[in-house]
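Report on the structure
One letter stands for each residue in the lines below.
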Amino acid sequence: MRAQRYLSFGFAYYLLLALFLYLPILVLVIFSFNDSTLLVYPLKGFTLRWYSALLNAHELLDAVRNSVIVGFASSFVSVVFGAMAALAIARFNFPGRGFFLAISSLPLVIPYVVLSVALVLLFAQIGVPLSLFAVGVAHTVINIPYVMLIVAARLAGFEQNLEEAAMDLGATYWGTLMRVTLPIAAPALAAAFLSSFTTSFDEFALAFFLTGTENTLPVYLYSQLRFPNRLPLVVALAAIIMLVSVLLIIFSEWLRRIGTQTTPRGAE
Amino acid sequence: MSELAVELSNVFKTFSASNARDVNAVRNVNLAIRAGEFFTLLGPSGCGKTTTLRLIAGFEQPTRGEVRIQGKPMNGVPPYRRPVNTVFQNYALFPHLSVQENVGFGLAIKRVSKEEKKKRVQAALDLVELPQAADRKPSQLSGGQQQRVALARALVNQPAVLLLDEPLGALDLKLRKNMQLELKHMQELLKLTFIYVTHDQEEALTMSDRIAVMSAGNVLQIGAPIEIYEKPATRFVADFIGETNFLNGRVVEMGTAMTGVEVTGKRINLPRQNEFPTNSVNVTLTVRPEKVGISRPESFADEAKRISFSGVIREAVYIGTDTRYLVGLSNAETLVARLQSSPGHRPGEYAIDDPVIVWFEPGDIRLLTE
Amino acid sequence: MRDFRRKRSVLSALCLLVITSFVLIACSAPPPAAAPPPTTASAGAATAPAESTTASAQANGPFVLLDWAGFELPEYYPTFTEKHPDVAPEYAFFAEDPEGFAKAASGFQFDLVHPCISYWELYVSEGLIQPIDTSRLKNWSGVSEKLAAYGMIDGKQYFVPYDWGFESIIYRTDKVKTPPTSWADLWNPEYKGHLSMYDSGEAAHIITALALGFDPWNTTPEQDEQIKQKLLELKPNLLNYWSDSTEVSQLLASGDAWVIASAWNDAYVTAKNEGVPAEYITPKEGRVGFLCGYAISSKTKNLDLAYDYLDALLEPEAIAAMGNTNGYGISNIKAIPLVDPELVAAMDMDKPEILESTQFYRPLDDAQREQFTSMWSEIKAAP
Amino acid sequence: MENRSRITILMLPPALWLVLLFIVPLGIMAVFSFREGSFGAEREQFTLENYQHFFANRSYLNLLGTSAWIAFQTALIAVVLSYPLAYFLSFRAGEARVTLLTILIVPAWTSFLLRILSWKLILGSGGVLNTFLLSLGVIQEASPLLIYSRAAVVVTLVYVWIPFATLPIFSALERIDRRLLEAAADLGCPPWEAFLRVTLPLSLPGVIAAFFFVFIPTLGEWVTPALVGGAQGIMYGNLIQDQFVRALNWPLGAIMSLVLMALVLVILIIFNRFIRISDLAGA
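Residues numbered from 1 in each chain as written. Chains lettered and ligands numbered in written order. Predicted model: local features only at pLDDT ≥ 70, side-chain atom pairs only at ≥ 80, totals over all residues. Heavy atoms only, no water.

**Some details on the overall build of chain A**
Looking only at helices and strands, chain A features 11 helices and 0 strands. For chain A, the succession of helices and strands along the chain, N to C, is α-α-α-α-α-α-α-α-α-α-α. Counting the 268 residues in chain A, one finds 63% classified as buried. Within chain A, counting contacts between residues at least 6 apart in sequence, those at least 24 apart form 72% of the total. Counting only carbon and sulfur atoms, one obtains 71% of the accessible surface of chain A, whose full area is about 10100 Å². (Helix = DSSP H or I, 4+ residues; strand = E, 2+ residues; numbered from the N terminus. Buried < 20%, exposed > 50% of the residue type's maximum accessible area, 1.4 Å probe, protein only. Contact = heavy atoms within 4.5 Å. Areas by Shrake-Rupley, 256 points an atom, 1.4 Å probe, with all protein chains shown as cover.)

Here it is as structure tokens:
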């Protein structure tokens, strides 16, 4: 009885906040079907023209593709470097460890515009052309600390003697990393990759300064936002991105359900 | 003498603590463990027994001294190149691998062929009586089952020495007793060297061929269980292994075959003990409670052969097979006596405040300097 | 246990992400085969003969424009495409002039750049652009002389004026009782909390100077101080600072802002089209005007393509199309008859007197720019 | 010695990478703060004038103070709102907890810019809220409610941060051994008191992490104030942004950034005892 009451109260609160979080998304989706250039009430009528226009916006699809490429490449590099640093930091004590931790947490707080200007100057010095490559490199700088913290927290959470057990059974240190440490840290690595990808996919300031003739999605969106008549197109795209993310989550949940259902049966 | 499986000579291990104070975990340890032996490192927590084991496994390097396995020096050799395997205290099973993957881990590293691996893994699982569990994850097993998997994972590699770090600590009493016997049986069957770390003296006495008792980083005594129990070398060993009585005394005479000691104002003669060379010093006498007899003053005889003191029953606790009496002596010292229930001694025979005579054979007393 | 479940869900999400991205990549236009532009500029100068067209263009790497977004549409340069069907111009976009300048100044390789008038001098003083030989542009004769004159720096024609527009006051006729008629009316307490200003120190300085009756381009330090005080007095009226045309349209249409200062005429066109009751005024001190134009990089290896592109931009049909789409003024007077009459009326392109009284921005030197921007920072930071 | 080579192999690549791409650029910025101007050889001289200008002008530092206050309010409200959410998820949501948590994070995948834009549509003069209040007769005339003000900045930032503040609190609650609560109950502690005496103190590291996870980035925030802050809601980050993107006054922008980063470092050092850096990751 009591638990039931708590549940319903807590769930009501959850629903309220979820509504709060989804309300703007809902409004965007509604406006993506509105037959007007301006996003104002009252709604003018139903249309699919923004979506059909979207199909012809090749630059936009190019931008999506660029963002996905940059997101994947930079997240991959971030996860590799961040995990390396996390392994050292979680397992060893060495001079400069604290300093490195403090320094590497700074990208979390530096205004990105400062970093972008500084990187523009640096890249000009060392001859890296402004390009998607430069954007990707910049994204690793802001993502490595996140990856490091996420992975280090995971490493701190499991017993060190699992690694000792592997070495005891004949695995070298590096073999142990590959066979035991990294597989156990896999959820953290995946989470770090996803968080890096999300950051990169929505990152705007660094991308704007550092890209050359190829745009990432946020850069493209922003440049389109300047034109009143392109705004609904952008809104329609946002609605699609939202929909894809939700489907992604639902699908992965579904996979998870299947996974948890079959595991015990297979085990018996 | 058979060949040595593991030798530690003058091994020291010092950890530098953060507050600049060093911790000497192991001090000048010398061990010579024979091949095929069940050797136990016994001591309270923090005595250095686990560190000693880790020095053998290779997880730690000695600060000073040398570790040899099968005669080969092991200093600087990483754990993965040592012919030893460990059963960890909390098993350390890889949560992301199935039981057979866990057991086959070491073989996979050694690139053993698939069929061979499968065969050996199955054999190891059969040995630990878990043939059905191959495809499960460790989290789906009970504590006892996990323990068996950990054992199989170590044994499948056919190590020269198996190191066991309190492997039964997490099991319930009954399971533990079974596993003790099984482990001992397995060790005899495989003719393997086991080095076993435990803080449970009963476990050590049950299973071991020899025991090394450790305290504060030092090895205090090495010997067979009976030696350790019957002839403890130090007060610590006597106290740690089983229950015992201590009495303060002073050596007053050293004869060729006997030692004269003054205890609670009474002169007694004990057989001369080699371990105790010096004359005229303070000593501790120790005697096991089960070696102590109690009689009523009126029925006590054999004054000459036995050592006896008069006292008063302070406490009588019935514990099933035995009754445990606490007897107060004239000088405020106390002695514990355990009398087995038998036709000669019925529980409740002596009541509190009954005046009694406590007595023991001179040969059951050990003289200790500390 | 739970970790594994989470791991599985995260991993499957990841798989999906991979699949989605491949689908996206497969669906989008063919990937650009071109490698990033080579950074070494050593072998360029001697190789390009004057008459070379397409062949040399391909040999000299991609043809790159550093431009505002929205000017990349093919209908703005059809004759260029006809002449060089195999040259696809590439665009690097900027959203604010200083950003474009930062890219250019840090060595980004471009052929043409499209800044607005305030930043023109900076490009010249940093040596980023080269003078234009107007005789190579057959459409040059149509360019307004008044506008062309702004593109002359140190006696040389560095810029080809292309697009321009007004910055004036726009207001909601249904919300405002007394319509503004002058820049000084922005201080009218009736608009309290409903005035939106352009987020630009330069614009703020100019309109305040006009409101106070000063010459915006030749203010004394005392006048500068008065301008600053006057702007601080404006704060109670201020709703927010806008930074682009979309924001102006939204502010106006939603009714959040009643009066918007320095609004561009294209926002007015949008509002009109959507039926928002708004009026675009001519303040008695005159409107302010912006002007943007193209210049050729001093390091270009595609000089002939650059001239062809400039000429294509000035083509009457092309520039009129740009004006109609964006709602901007155009620099080629000969193209005005091709512009939508409604736009011509809205822009007052047919009323030379309005253009005559318009205060166009001027190229700024460093000192002026720093003065304007640091004043503006102080005003924005003030409570 | 073996460890040393492992540390070197593991640390060297990421350390070099961050030094080259983060420390060096920071150094460039530090050098820039002493330059006379952003461009041109003749302005490459070094001067302290920028610093004089910055510190002579009280309104800059005042705005930094205001921004810190806004960040404090935002972090506090976000944590207070997130705690019950995290508690519900960890203690009452059972099997569905991860799904429910993920659902909260999904909106963060949509462009930040557009979500803020959407808030303007909801809160603006012609928006949902106004229409609702007008129909109720609570207000007589439509006006921009809750936007173009400092409060709007706080509300919007709280909206943005709630999912991310929930994460570290959630993981702190997940770490609590449920037997402790049984022990508390066994010792005669009613549920509410058990919460105050056991759950809350044990989840405090997560709460503190969540607070700083919100507070620190909010301190340098500029997009939200630019879009919904209006004239009154400008924050310090907007000044920095302006110097780089609009004013081309990089030296002044560099000083402002350095001051901001110094403030963050000071805060991190002061609260070092209470924050485990790893908690900031919310893992």
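Having seen the structure, we can now continue with the description.
**Points about a nonpolar patch on the surface**
The grouping of A:I126, D:V19, D:L20, D:I23 and D:V24 at the surface amounts to a nonpolar patch, some 360 Å² of accessible area in total. If one sorts the elements of the nonpolar patch by residue count, helix α1 (residues 2-32) of chain D sits on top with 4 residues. (Patch = residues over 30% accessible without salt bridge, like charges linked within 9 Å, V, L, I, M, F, W, Y side chains within 5 Å. Salt bridge = Lys/Arg side-chain N within 4 Å of Asp/Glu carboxyl O.)

**Some remarks on the sheet that holds strand β6 (residues 84-87) of chain B**
All names here are of chain B. Ordered in space as β6-β7-β8-β3-β9-β10, the 6 strands form an open sheet in which the pairing is mixed. The open sheet has two edge strands, β6 and β10 (218-223), and neither has a second partner. Going across the sheet, the axis of each strand differs from the next one's by a mean of 20 degrees, ignoring polarity. Pairing of β6 with strand β7 (residues 161-165) involves 4 bridges; the strand directions are parallel. Pairing of T86 across the sheet is with L163, part of β7. (Pairing = 2+ DSSP bridges. Axes fitted to C-alpha atoms, helices over the stretch in contact; angles between N-to-C directions.)

**Some points on the interface of chain A and chain D**
With 77 residues of chain A in contact, the opposing surface of chain D contributes 73 residues. Where chain A meets chain D, there are 0 salt bridges. Taken together, the links from chain A to chain D amount to 6 residue pairs in polar contact (both at pLDDT 80 or more). Of all the secondary-structure elements, those providing two or more residues to the side of chain A that touches chain D are α1 (2-32), α3 (58-91), α4 (97-105), α5 (112-126), α6 (132-157), α8 (173-202), α10 (217-225) and α11 (231-267) of chain A. Counting residues per element, the side of chain A that touches chain D draws most heavily on α1(A), which supplies 18 residues. Considered class by class, the residues forming the side of chain A that touches chain D number 66 nonpolar, 6 polar and 5 charged. (Polar contact = N/O pair within 3.5 Å; in protein donor to acceptor, adjacent residues only side chain to side chain. Nonpolar A, V, L, I, M, F, W, Y, C, P; charged D, E, K, R; others polar.)

**Here's the deal with the pairing of strand β8 (residues 193-198) of chain B**
Residues and elements named next belong to chain B. With 6 of 6 residues buried, β8 is to be regarded as a mostly interior element. The alternating pattern of β8 places T193, I195 and V197 on one face and F194, Y196 and T198 on the opposite face, and all of these are buried. Bridge count between strand β3 (residues 38-42) and β8: 5 bridges; the pairing is parallel. Each bridged residue has a counterpart across the sheet, and for F38 the counterpart in β8 is F194. The parallel pair β7 and β8, bridged by helix α6 (residues 173-190), forms a crossover whose chirality is right-handed. (Right-handed = clockwise from strand over helix to strand, strands pointing away.)

**Brief notes about the sheet that holds strand β17 (residues 322-329) of chain B**
Neighbouring strands of a sheet are bound in pairs by backbone hydrogen bonds; such pairs are parallel or else antiparallel. Residue and element names in this part refer to chain B. Reading across the sheet, the 5 strands line up as β15-β19-β16-β17-β18 and stay open at both edges, with antiparallel pairing between neighbours. Of all the strands in the sheet, the pair left with one neighbour each is β15 (293-295) and β18 (334-340). Averaged over all adjacent pairs, the angle separating strand axes in this sheet is 45 degrees, with direction ignored. Taken together, the 6 bridges between strand β16 (residues 307-319) and strand β19 (residues 355-360) define a ladder with antiparallel strand orientation. Opposite F309, over in β19, you have V358 as the bridge partner.

**Let's talk about the nonpolar core**
In terms of nonpolar packing, the biggest core is built from 358 residues, with A:L210, C:L186 and C:M197 touching the most fellow members. Ranked by residue count, the leading element in this core is α6(A), at 16 residues. One finds B:A133, B:V149, B:F194 and B:M207 within the second-largest nonpolar core, a separate group that totals 33 residues. (Core = buried A, V, L, I, M, F, W, Y, C linked by side-chain atoms within 4.5 Å.)

**Focus: the side chain of A:N161**
Within the fold, A:N161 resides in helix α7 (residues 161-168). On the basis of relative accessible area, A:N161 is assigned to the buried category, the value being 14%. In contact with A:N161, other than residues within four places in its own chain, are B:F88, B:N90 and B:A92.

**Some points on the domain arrangement of chain B**
Residue and element names in this part refer to chain B. Domain parsing of chain B yields domain 1 (4-240) and domain 2 (245-368). The straight-line distance from the C-alpha centre of domain 1 to that of domain 2 is 39 Å. Each partner contributes residues to the interface: domain 1 has 10 residues there, and domain 2 has 8 residues. In this assembly, domain 1 packs against domain 2 so that about 830 Å² is buried in total across both faces, 48% of it on carbon and sulfur atoms. (Domains from an automatic or database assignment. Buried area = accessible area lost by both parts, 1.4 Å probe.)

**Some points on the packing of α4(A) against α1(D)**
The N-to-C vectors of α4(A) and α1(D) enclose an angle of 45 degrees; their axes lie 11 Å apart at closest approach. One way to sum up the angle between α4(A) and α1(D) is to call them oblique. Handedness of the α4(A)/α1(D) crossing: left-handed. In this structure, α4(A) contributes A:F100, A:I103 and A:S104 to the contact, and α1(D) contributes D:M11, D:A15, D:L18, D:F22 and D:I23. Broken down by class, the residue content of the contact of α4(A) with α1(D) amounts to 7 nonpolar, 1 polar and no charged. (Parallel < 35°, antiparallel > 145°, perpendicular 65-115°, else oblique. Left-handed = near helix turned anticlockwise from the far one by under 90°.)

**Notes on α6(B)**
Residues and elements named next belong to chain B. With 18 residues, α6 should reach 26 Å at 1.5 Å per residue; the first-to-last C-alpha distance of 25 Å fits that figure. Among the residues making up α6, those that are buried are R176, M179, Q180, L183, K184, M186 and Q187. For α6, the angular spread of buried residues about the axis comes to 160 degrees, placing them on one side. Looking at α6, the residues exposed on the side facing more than 90 degrees away from the buried face are K174, L181, H185 and L189. (Expected span 1.5 Å × (residues − 1). Arc of directions from axis to C-beta.)

**Concerning the packing of α5(A) against α6(A)**
Helix packing for two helices is described by the angle between their axes and how far apart those axes are. Residue and element names in this part refer to chain A. Remark: α5 packs on α6, axes separated minimally by 11 Å, with the N-to-C direction vectors making an angle of 130 degrees. Regarding the angle of α5 to α6, the classification is oblique. Between α5 and α6 lies a crossing of right-handed hand. Judged by residue contacts, Y112, L115, L119 and F123 of α5 engage A134, V137, A138, V141 and I142 from α6. For the contact of α5 with α6, the per-class residue count stands at 9 nonpolar, no polar and no charged.

**So, the interface of chain B and chain A**
Listed as interface residues are 25 residues of chain B and, on the opposing side, 19 residues of chain A. Here chain B packs against chain A, burying approximately 2000 Å² in sum over the two surfaces, 62% of which is carbon and sulfur. Along the contact surface separating chain B from chain A lie 1 salt bridge. The partner of B:R54 in a salt bridge is A:E164, with the nearest N and O atoms 2.5 Å apart. Across the chain B-chain A interface, the total number found is 6 residue pairs in polar contact (both at pLDDT 80 or more). Sorting the residues of the side of chain B that touches chain A by element identifies α1 (49-57), β6, α3 (105-109) and α5 (143-155) of chain B as the ones contributing at least two each. The element best represented in the side of chain B that touches chain A is α3(B), accounting for 4 residues.

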